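Results of the structural survey
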Number of protein chains: 2
Amino acid sequence: MDIKIRRHLENPLIVPEDIKPSHEEFKVEGVFNAGAALHEGEVILLLRVAESVKSNEAGKVRIPVVHECSGSWETTTVLLDRHQKKNEYDFTDSRVVTKIDSQGNKYTRYITSLSHIRLARSRDGVHFRIEDKPFIYPESKYEAWGVEDPRVTQMGDWYYITCSVVSEYGVAVALFRTRDFKSHERLGIIFPPENKDVYLFPEKINGLYYAYHRPVPRDIGRPNMWVADSEDLIHWGNHRLLLSADSRSSWENGRVGGGAPPFKTEKGWIHIYHAADRNDRYCLGAFLTDSMHPDKILRKTRTPLLEPETDYEKYGFFNHVVFACGIICDGDKVRIYYGAADQRIALAEIELGELYRAFGL
Amino acid sequence: MDIKIRRHLENPLIVPEDIKPSHEEFKVEGVFNAGAALHEGEVILLLRVAESVKSNEAGKVRIPVVHECSGSWETTTVLLDRHQKKNEYDFTDSRVVTKIDSQGNKYTRYITSLSHIRLARSRDGVHFRIEDKPFIYPESKYEAWGVEDPRVTQMGDWYYITCSVVSEYGVAVALFRTRDFKSHERLGIIFPPENKDVYLFPEKINGLYYAYHRPVPRDIGRPNMWVADSEDLIHWGNHRLLLSADSRSSWENGRVGGGAPPFKTEKGWIHIYHAADRNDRYCLGAFLTDSMHPDKILRKTRTPLLEPETDYEKYGFFNHVVFACGIICDGDKVRIYYGAADQRIALAEIELGELYRAFGL
């Protein structure tokens, strides 16, 4: 089916050169996977800004991390020798430094960049003023390797932000909230490792809050989407499988995960999600859930809504990725802010009616 | 330090030959990792009974599973060809059938046995009458490959049972409860994949329930112990790291995980936990947590409390394992029921004062 989704003519909207590094010795590798919110007449993007260390000595790699020092959190670097035999680090994947464990399995020993959350503001949703300073910067032992992929859900005066937090203890999901996009509160780890791609529904359904999450099991099972409910947004339970990676599909046989928090329509909740194939090529799809039953998928796109096709989506910090964390609905117009090749922010627009058509409605 | 812990002279107390298979075509491979409860003057053990399929055709393996059929759950088998090139199954580990994925990593494709929970009752805590029928038998899509490693916590009239449930969707943790050890209720998945070794504290602390859990992250992080709290036993949050595998230790550098629900003493809560080294040799250790702060470990054993030394601990369905899920305290005497080599139930006894001494108290 040929779905009419339009890339914005000014794409990419935000690139690393637009971002002031958080530290002098840092270089911005990517600005991507932004959450989106409407606040006081502005579109606010919560940018994931990934920074690496500028000054690399020959044959060495410096890894940026935060660590605790006399009760406060400081940014520092870890120096790795590219040629040190003993450690046998693998630098093939630009995003990570991997090692082989005693069982012969590959695992991530470090992340090459440290991510924080930066704000960008816009009146028209296209041209953004980017703040000079981080909004959420890592400062706990669970965030020592970064805070990533924010999703924002407004409930009343509060904006709830779910982020992946990364450290040597794993990738967990933390909850933050803000009222003013000036300060924020940390509300703790809501999903333990390994989990990612968490977002909240913007209202209670049958008296309960709902979240989608995407556990990453080690031994048995695939990275599938699950649903959980809560009475207070802090404590989550009643975990149920929602959507599995489809081994028969060419574009979503690797993994699936939540995209942006859903928006409510007369047909139900519409969700934009991401799916990757076994080669880690990331596309966007959409599905529709029952308005009263968040665990019931009514319709789903069989082909990608958006796939990496332009140069800015195909080549970057990590190639062949479109990945959305934020959506703004303006009447019938749905604006999808998405990370392109883990390096830039781009915008795609689609009419609500076109999404219905994609669902065969 | 030489800690006086006594193996019972009648060890092993329960062996596979004592168990009536749940189906004619099944063979009991192991009875191990039992939860323990006191109920109406009896010690009740909740045995994990692992069964395989008896009738193996030459060169083939039959895997027992449950599957849904017209709304009810039926036990069936999956036939695997040991020599089929295309699938390249690996049968080296007696517990699982593994495969290599497209990234070259080994993962579990099937479990060779199907576990359920069986009850055994005793007046003296040593001689048990074993029921003929399963108490908890797999009957949901999350339990299709088995229900394992029960831990029991009594609160008021209710006994809460946490079990690992296994399926193609991963290893998750489900909560059950019973009042009479005749019928039980399913209360859903409380920790999504991959998680194991969950137990509940037997009382609220500062108005909250507490659980320990042991997530198994895939990419980053080790199998560490975490603590979470809850207001209703169903929804869990405030996840915090409790105890990491210690890479410098010879006996606990592989993984750590909760053992039996803790018991309260004048010094704090005492926990028996398990630790494995990088060769998957499982020992038991103990630690003490602050009576009001379940996330605060005050003391910990530096050497194993119990390690696989006897033949029944060294050789079995999986070699070199002692693994406890259940404890009964009788005055100053602590009875630790433990799985030996994933095949039998054994009993070790230790005085409370001896545990204090192990903590240097």
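Residues numbered from 1 in each chain as written. Chains lettered and ligands numbered in written order. Predicted model: local features only at pLDDT ≥ 70, side-chain atom pairs only at ≥ 80, totals over all residues. Heavy atoms only, no water.

1. Quick word on the pattern of salt bridges
Residue and element names in this part refer to chain A. If you walk through the whole model with that rule in mind, you get 47 salt bridges over all chains. The shortest N-O distance in the salt bridge between Arg186 and Glu139 comes to 3.7 Å. On the criterion of sequence distance, the pair formed by Arg186 in strand E13 (residues 185-191) and Glu139 in the loop between strand E9 (129-130) and strand E10 (146-155) is long-range, its members being 47 residues apart. Judged by relative accessible area, which is 31%, Arg186 ranks as partly exposed. (Salt bridge = Lys/Arg side-chain N within 4 Å of Asp/Glu carboxyl O. Helix = DSSP H or I, 4+ residues; strand = E, 2+ residues; numbered from the N terminus. Buried < 20%, exposed > 50% of the residue type's maximum accessible area, 1.4 Å probe, protein only.)

2. Side note on the relation of the copies chain B and chain A
Least-squares fitting of chain B to chain A yields an RMSD of 0.0 Å, with the transformation described by 0.0 Å of translation along the axis and a rotation of 180 degrees. What we have between these two chains is a two-fold relation. Considering only C-alpha atoms, the part of chain B nearest the rotation axis is B:Arg218, at 2.0 Å. Comparing interface residues between copies, 100% of those in chain B also lie at the interface in chain A; the contact surface is shared. (Least-squares fit on C-alpha atoms with pLDDT ≥ 70 in both. Contact = heavy atoms within 4.5 Å.)

3. Observations concerning the sheet that holds strand E15 (residues 209-215) of chain B
Residue and element names in this part refer to chain B. Strand order across the open sheet formed by 4 strands is E14-E15-E16-E17, with antiparallel pairing between neighbours. A single partner strand is all that each edge strand has here, and the edge strands are strand E14 (195-200) and strand E17 (237-243). The sheet shows a mean angle of 25 degrees between the axes of neighbouring strands, direction not considered. Relative to E17, strand E16 (residues 225-230) is paired through 4 bridges, and the arrangement is antiparallel. When the bridges of E17 are listed, Met225 appears paired with Leu243. (Pairing = 2+ DSSP bridges. Axes fitted to C-alpha atoms, helices over the stretch in contact; angles between N-to-C directions.)

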